[in-house]
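# Descriptive structure summary
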Amino acid sequence: MKDILILDDEQTVRQSFVDFFEDQMWQTVQAKSGEEALELLEKGAHPKAAIVDIRLPGMDGDAFIREVCSRKYVMSIVVCTGSPEYEIPDDLKALLCVSNRVFRKPVADFNALEVELISTANNMMKEAGSE
Amino acid sequence: MNENSFFNYDQFMPHGMCYLWQPDILWASVVSDVITALAYYSITAAVIVFVKKRKDLPYPWFFILAGSIIFMACGTTHLISAVVIWEPIYGISAISKSITAISSLATGILIWFVLPFFLSLKSPSVLEQVVLKRTEELANSNDLLNNEVAVHKQAREQLVLLKNYMRNIIDSMPSVLIGVDLDSKVIQWNYEAEQVTGISTEDATGQQLADAFPSLLCELPKVEKAIKTRQLQNEVKRPRKQDGILRYEDITIYPLVTNGIEGAVIRLDDVTEQVRMEEMMIQSEKMLSVGGLAAGMAHEINNPLAGMMQTAVVMKNRLSSKDMPANIAAAEESGTHLEAIHNYMEARGILRMVSDINKSGQRVANIVDNMLSFARKNDSVYSSQNLNELMDKTLDLAATDYDLKKQYDFKTMNIVKSYEESMPLVPCESAKIQQVLLNILRNGAQAMQSAGSENATFTLLTRYEADRDVACLEIKDNGPGMDETTRKRVFEPFFTTKPIGEGTGLGLSVSYFIITENHGGELSVVSELGKGTSFYIRLPLSGAEKVA
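Residues numbered from 1 in each chain as written. Chains lettered and ligands numbered in written order. Predicted model: local features only at pLDDT ≥ 70, side-chain atom pairs only at ≥ 80, totals over all residues. Heavy atoms only, no water.

A separate point is the overall build of chain B. For chain B, the helix and strand inventory stands at 17 helices and twelve strands. Counting only residues that meet the buried cut, chain B has 36% of its 548 residues in that class. Partitioning the intrachain contacts of chain B with sequence separation of at least 6 by distance along the chain shows that 61% fall at a separation of at least 24. Put simply, chain B shows about 32600 Å² of open surface, and 59% of that area lies on carbon and sulfur atoms. (Helix = DSSP H or I, 4+ residues; strand = E, 2+ residues; numbered from the N terminus. Buried < 20%, exposed > 50% of the residue type's maximum accessible area, 1.4 Å probe, protein only. Contact = heavy atoms within 4.5 Å. Areas by Shrake-Rupley, 256 points an atom, 1.4 Å probe, with all protein chains shown as cover.)

If you want it as structure tokens, here you go:
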């Protein structure tokens, strides 16, 4: 079963992601803040992929990704933000689990987003297997 | 015998008898008398001539009396003495002697009265000394006078020098300086005033201020007030129309309060450029804050927009995807099947509507993105750009530019590219250069559209000018072109040929600023009525030497 975490504070946006991925046969968990998402992970949710917004109440998306990595959760992450000037920080760019392609909201092409998530995951697996 | 009377001298003896006719005594006596008589007459004549010639002689009557009468009488008496030797006219002799006696007596008395005066007359030697002294005094005072004249001449030269110096100072002032007297008559008129009015100092001097400088007519009350209150009067940024162009002036009126001079000096400064610069700064300040605002707004707009558009995408999937298991299951549960739903959607145009929502949303997203293209901070650094690529990017941007697309029908305009293939890279701020290119394209499109130009075409040329080491980009249109006046003012801030509300008049002046000030480049325009317009952007490959 494919599990995906949708982290976005904007309800309608979050819901549209959830609806799309559910239609594509994904199992979704959603959170409106980084803290809430970490709590879900602690409680046993183990998504293979995540869509992460950057501007969030409390911890921001970058901090959430760092926290996920430091806690050794394994998931492919794609950043999806409405901020035009956002760029992925260098320390996160270096991580295999984070896609270097940032999706700007509104996302017009959901399929590309799904493809990016899967290819990031595959890339991650390949590297892990070669180690 | 006849009795002897006074004039009957028959009985008398001639005087010669007394000499017993002894010839030596007789002739000696006669000759002496005659000579004496002649001498006396000569003296008489001399005295008369002297008195007549010397008009300034005091007491002329005295000289006539003492001189002529006495000498005349004496002479005659002597002459008669000679005659009586032979003719005994003793009566006549007696009368002659009597006249001599009376005149001599009168002179003898009168001489005592006139004596003090003659004593007071200076002798020639004394007079000479006096004259010498006077001459010396005269020479001294002449020297003094000469000195005085020299000092005066020097003072006058200095005065002229000072006057010229002052005139020079006043003339070299960049302000119009006009001096007026109490009756508002011009008494000073400097070079700048000549330049501004075209009236020479000679012509202006003495004229009424209102005649010489009509636009100052409304300032006359202020001039009067300045003189009356002895306080400076001024007005800043006074607007004035000149040849249809709005210009601004600062006017300062200084009252002249120095003793002996009354009136005022009017100073006029054209501050149009400063005012325009200030306005431009304010405008760009505003635009900067709009840019900052845009960045913040973008996030706020993008999120609800994402909610809308992404939901519409999912909606479309659920309405039209016939092989999606969830769709099939939901349809069956509802007692229908996907085919029927799809037919209904088609019949009611629902899918078209959803697609419209997406298209409109995409347009909002593009507007936000375009707005941000000028606000993005990370682009404000210099990067090496190829003008060909930059031009192409701008064309893409122009194709999505709402104004260009909708108002000016940019899509229907032809684009002819004539790029030099190996253009060197130019250091520049790409966003700003794109802003300039967009401005020029927008102006050209507007001009071609409003003139209804057929086969409207932009020709874009790039080339490297090796002699100046600059990259040149030419944007040429085949629009209506500009007349000389418009062409000269096209980069002027707030100059616009568009109707009020359509253009800010800032686009090209900001462009000019970006190219010349920010990039040390050159923005020029060549245009002729009916022959289209070409804008030339030249950017130095060495980069901007003076970055504002």
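There's more to say after this.
Taken together, the contacts link 25 residues of chain B with 21 residues of chain A. Summing the contributions of chain B and of chain A, the shared interface buries around 1900 Å²; its carbon and sulfur component is 57%. If you sort the residues of chain B by the area they bury against chain A, H299, N303 and Q310 of chain B come out on top, with a joint share of 31%. Taken together, the links from chain B to chain A amount to two salt bridges. The partner of R318 of chain B in a salt bridge is D19 of chain A, with the nearest N and O atoms 3.7 Å apart. At the junction of chain B and chain A, the tally comes to seven residue pairs in polar contact (both at pLDDT 80 or more). (Buried area = accessible area lost by both parts, 1.4 Å probe. Salt bridge = Lys/Arg side-chain N within 4 Å of Asp/Glu carboxyl O. Polar contact = N/O pair within 3.5 Å; in protein donor to acceptor, adjacent residues only side chain to side chain.)

Residues and elements named next belong to chain B. Along the polypeptide, I537 turns up in strand β12 (residues 533–540). Here the alpha-carbon distance between I537 and S511, two residues 26 residues apart in the chain, equals 10.0 Å. Apart from the residues within four sequence positions on either side, I537 is in contact with V436, L437, I440, A471, C472, L473, I515, E522 and L523.

Here we take up the sheet that holds strand β3 (residues 49–52) of chain A. Residue and element names in this part refer to chain A. One open sheet accounts for five strands, arranged β2-β1-β3-β4-β5; its pairing is parallel. Each end of this open sheet is capped by a strand with a single partner; those strands are β2 (26–31) and β5 (103–104). Across six bridges, the pairing between strand β1 (residues 2–7) and β2 is parallel. Paired with I6 across the two strands is Q30, which belongs to β2. The sheet contacts of helix α1 (residues 11–23) involve β1, β2, β3 and β4 (76–81), and relative to β2 the element is tilted by about 165°. In this fold helix α2 (residues 34–42) packs onto β1 and β2, with an angle of close to 130° to the strand it touches most, β2. (Pairing = 2+ DSSP bridges. Axes fitted to C-alpha atoms, helices over the stretch in contact; angles between N-to-C directions.)

Residue and element names in this part refer to chain A. According to the stated counting rule, one finds eight aromatic pairs over all chains in the structure shown. With a centroid separation of 4.7 Å and 20° between ring planes, the pair formed by F20 and F110 is classed as stacked. You can see F20 sitting in helix α1 and its partner F110 sitting in helix α5 (residues 110–130), a full 90 residues away along the chain. By relative accessible area, F20 is classed as buried at 1%. Members of the aromatic cluster, each reached through a chain of ring pairs, are F17, F20, F21, W26 and F110. (Phe/Tyr/Trp six-rings, centres within 6.5 Å; stacked < 30°, edge-to-face > 60°.)

As a further point, take unusual backbone geometry. Cis geometry marks the peptide bond from K105 of chain A to P106 of chain A; its omega dihedral reads 0°. Looking at where P106 of chain A falls in the secondary structure, it is placed in the loop between β5 and α5. Despite not being glycine, M25 of chain A has its phi angle at roughly 70°, a positive value. Turning to its location among the elements, M25 of chain A is positioned in the loop between α1 and β2. Even without glycine at this site, K237 of chain B takes up a positive phi of about 50°. Classification of K237 of chain B as partly exposed rests on a relative accessible area of 40%.

Another point: the pairing of strand β2 (residues 186–189) of chain B. All names here are of chain B. Judged from the three bridges that link them, strand β1 (residues 176–180) and β2 form a sheet pairing that is antiparallel. Across the sheet, G179 pairs through a bridge with Q188, a residue of β2. Hairpin geometry of β1 and β2 is characterised by an intervening segment of five residues between the two adjacent antiparallel strands and by a positive phi of about 60° at S184.

Our next topic: a nonpolar patch on the surface. Residues and elements named next belong to chain B. Among the surface-exposed residues, M13, M17, W21, W27, V31, I35 and W86 lie close enough to one another that they form a single nonpolar patch of about 710 Å² accessible area. With respect to the helices and strands, W21 occurs in the segment before α1 (23–53). By relative accessible area, which is 35% here, W21 ends up partly exposed. (Patch = residues over 30% accessible without salt bridge, like charges linked within 9 Å, V, L, I, M, F, W, Y side chains within 5 Å.)

Residues and elements named next belong to chain B. By the element assignment, Q233 lies in strand β3 (residues 233–242). Judged by its relative accessible area of 11%, Q233 is buried. In terms of polar contacts, Q233 uses its side chain to reach the backbone carbonyl oxygen of Q231, at 3.4 Å. Those residues in contact with Q233 that lie beyond four places of it in its chain are K222, K225, A226, I251, T252 and I253.

Evaluated as defined, the whole model comprises 26 salt bridges over all chains. Linking K105 of chain A and D8 of chain A is a salt bridge whose minimum nitrogen-to-oxygen distance equals 2.8 Å. A residue pair is termed long-range when its members are at least 10 positions apart, and K105 of chain A in the loop between β5 and α5 and D8 of chain A in the loop between β1 and α1 qualify at 97 residues. In this structure, a network of salt bridges that share partners links the residues E219, K222, E235, R238, R240 and E249 of chain B.

A few words on the side chain of Q310 of chain B. Within the fold, Q310 of chain B resides in helix α9 (residues 272–320). For Q310 of chain B, a relative accessible area of 0% corresponds to the buried category. Looking at Q310 of chain B, its side chain comes within polar contact range of the side chain of S16 of chain A, at 3.0 Å. Once residues lying within four places of it in the same chain are set aside, the contact partners of Q310 of chain B are V13, S16, F17, K105, P106, V107 and F110 of chain A together with L305 of chain B.

Another point: the confidence of the model for chain A. Across chain A, the average pLDDT comes to 91, with 98% of residues at 70 or higher. Mean pLDDT values over the elements of chain A span from 87, in α5 of chain A, up to 96, in β3 of chain A. (pLDDT = per-residue confidence, 0-100.)

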